[in-house]
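Overview (structure and organization)
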Amino acid sequence: MDHLDALESQSIYIFREAFNRFDRLAMLWSLGKDSNVMIWLAKKAFFGHMPFPSLFCDTGKKFPEMYDFRDRYAAEWGLNLILRDCPPIEEIDPTLPPAARSAARKTEALKRAIAEFDFQAVIAGIRRDEEPTRAKERVFSPRGVDAAWNFKDQPPEFWDQYNTDFAPGTHVRIHPILHWTELDIWRYIKRENIPVVPLYFTRNGKRYRSLGDMDITHPVASEAATIDEIIAELEQTRVPERSGRAMDSETEDAFERLRTAGYM
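The text that follows walks through the structure, step by step, so that each part is easy to find. (Residues numbered from 1 in each chain as written. Predicted model: local features only at pLDDT ≥ 70, side-chain atom pairs only at ≥ 80, totals over all residues. Heavy atoms only, no water.)

Some details on the overall build of the protein
Note the threshold: Helical segments are the DSSP runs of H or I of at least four residues, strand segments are the runs of E of at least two, and each set is numbered from the N terminus. Exposure categories follow from relative accessible area, calculated using a 1.4 Å probe and restricted to protein chains: below 20% of the type maximum is buried, above 50% is exposed, and the middle band is partly exposed. Residues count as neighbours in contact if any of their non-hydrogen atoms are within 4.5 Å of one another. In this description, accessible areas are obtained by the Shrake-Rupley approach with a 1.4 Å probe, and a residue is regarded as covered only by the protein chains that are shown.
When helices and strands are tallied, the protein shows seven helices and eight strands. Counting over 264 residues, the protein shows a buried share of 54%. Of all intrachain contacts in the protein linking residues separated by at least 6 positions in sequence, the fraction that spans at least 24 positions is 73%. Entry remark: accessible area of the protein is about 12100 Å², with carbon and sulfur atoms responsible for 51%.

See the structure below:
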């Protein structure tokens with residue numbers, strides 16, 4: 001097995017553990033490269049289909065290319081897609097910085113969907129190398145009341161032994177690609193020929209490395225027009241992956257406040 005085979009095998013194991021442990025399970029789909037890889041892995045884990053629904057929390061501010069991608073591949077991949085609109089900004093904590101407050105709309109929509117469908121666990125496509133707060137996560141991460149995350153009180157996960165025995169009523173977030181890097185994602189996309197939103201490729205000398213809402217996501221300078229060129233660029237760059245996300249440039253604790261409150 002090569003490096004990508006090992007990553008794939010571990011993620012498939014996590015998917016199967018989650019499905020075995022939780023009866024009411026859903027997977028978040030953001031339309032980005034990471035969540036597309038997750039769908040691909042889930043379909044591999046369950047022999048061509050996903051035995052649980054995918055959930056898309058819509059801010060109404062995604063790029064047109066993202067909505068086109070959603071409509072096409074939800075059908076092509078045979079997804080059981082749950083669509084839920086995010087609440088208006090007026091319902092969100094006004095003490096958050098502007099971009100973080102906008103992003104928090106997805107948190108509130110997710111909480112409402114969890115309550116509506118009584119999901120015991122939700123699968124999310126975060127990675128430890130994306131952002132320092134996410135580096136504190138566990139693969140099977142218990143949440144408190146109202147989906148709150150206490151990063152100071154997380155179960156140990158030694159030697160890939162995951163704790164799936166939680167007290168009744170505990171909500172859990174599951175992260176099958178937590179151990180992947182951005183380069184791993186793109187190398188796997190190339191190997192498996194996984195479709196991605198075209199915004200990841202250069203237009204007029206700029207491209208998006210991370211996709212979010214139009215008003216709080218910005219492209220980075222890049223001439224990478226193919227997956228091979230993206231991989232070559234990432235092997236050299238020192239620019240952070242989320243440098244185009246406005247909320248990552250706001251107050252130091254903004255992202256941690258979002259994550260603590262239940263943000264993906």
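Here's the deal with the nonpolar core
Definition in use: To form a nonpolar core, buried Ala, Val, Leu, Ile, Met, Phe, Trp, Tyr and Cys residues must be joined to one another through side-chain atoms within 4.5 Å.
With 58 residues, the main nonpolar core has F15, W29, F52, F140 and I174 as its most contacted residues. At the level of elements, α1 (3-21), β1 (25-28), α2 (33-45), α3 (64-76), β4 (121-123), β6 (171-174), α5 (182-192) and α6 (227-234) are the ones that each hand at least two residues to this core. Those residues within four positions of F15 in sequence are excluded, and the remaining contacts are M27, M38, L41, A42, A45, F46, F52, I123 and P176. In this structure, C57, I82, L110 and V122 belong to the second largest nonpolar core, which totals 13 residues.

Considering the packing of α2 against α5
What counts, and what does not: Inter-axis angles, ranging from 0 to 180 degrees, are taken between N-to-C directions of lines fitted to C-alpha atoms, where helices are fitted over the stretch in contact. Orientation is classified from the angle alone, with under 35 degrees giving roughly parallel, over 145 giving roughly antiparallel, 65 to 115 giving roughly perpendicular, and any other angle giving oblique. By convention the crossing between two helices is left-handed if the near helix lies anticlockwise of the far one by an angle smaller than a right angle, and right-handed if it lies clockwise. Gly falls in the polar group here, along with every residue not listed as nonpolar (Ala, Val, Leu, Ile, Met, Phe, Trp, Tyr, Cys, Pro) or charged (Asp, Glu, Lys, Arg).
Here α2 crosses α5 at 55°, and the two axes come no closer than 10 Å. The pairing of α2 with α5 is recorded here as oblique in orientation. As for the relative orientation of α2 and α5, their crossing is left-handed in sense. Facing K33, D34, V37, W40, L41 and K44 of α2, the residues of α5 in contact are E182, I185, W186, Y188, I189 and E192. Looking at the contact of α2 with α5 residue by residue, the classes come out as seven nonpolar, no polar and five charged.

Some remarks on the sheet that holds β6
Convention followed: Following DSSP output, two strands are said to pair if at least two bridges run between them.
Spatially, β3-β2-β1-β4-β6-β5 is the arrangement adopted by the six strands of the open sheet, whose pairing is mixed. Only two strands of the sheet have a single neighbouring strand rather than two, namely β3 (81-85) and β5 (140-143). Pairwise comparison of adjacent strand axes, ignoring direction, gives a mean angle of 30° for this sheet. Bridge count for β1 against β4 is three bridges, and the pairing is parallel. By the bridge assignment, M27 is partnered in β4 with I123.

Some points on the pairing of β6
The side-chain alternation of β6 yields two buried faces, one formed by H171 and R173 and the other by V172 and I174. Judged from the three bridges that link them, β4 and β6 form a sheet pairing that is parallel. Bridging from a neighbouring strand, V122 pairs with R173 of β6. Across four bridges, the pairing between β5 and β6 is antiparallel.

Focus on unusual backbone geometry
Of note in this structure, F47 is not a glycine but carries a positive phi near 55°. Note that F47 resides in the loop between α2 and β2 (54-58). F47 gets classed as exposed once you look at its relative accessible area, which sits at 75%. Of note, N204 is a non-glycine position whose phi angle comes to about 55°, a positive value. With respect to the helices, strands and loops of the structure, N204 is situated in the loop between α5 and β7 (206-207).

Examining the packing of aromatic side chains
This is how the line gets drawn: Side-chain rings of Phe, Tyr and Trp, where Trp is taken by its six-membered ring, are said to pair if the distance between their centres is within 6.5 Å; with planes under 30 degrees apart they count as stacked, over 60 as edge-to-face, and otherwise as tilted. Put simply, a charge is over a ring when the Lys NZ or the Arg CZ is close to the ring centre, within 6 Å, and near the line of the ring normal, within 35 degrees.
Counted under the stated rule, the structure contains 15 aromatic pairs. Here Y13 and Y162 contribute two aromatic rings whose centre-to-centre distance is 6.3 Å and whose plane-to-plane angle is 35°, an arrangement assigned as tilted. Remark: Y162 occurs in the loop between β5 and β6 and Y13 occurs in helix α1; sequence separation between them is 149 residues. Here the aromatic cluster, defined as three or more aromatic residues joined through ring pairs, consists of F15, F19, F46 and F52. Its end group placed over the ring of F22, R21 keeps NZ or CZ at 5.1 Å from the ring centre.

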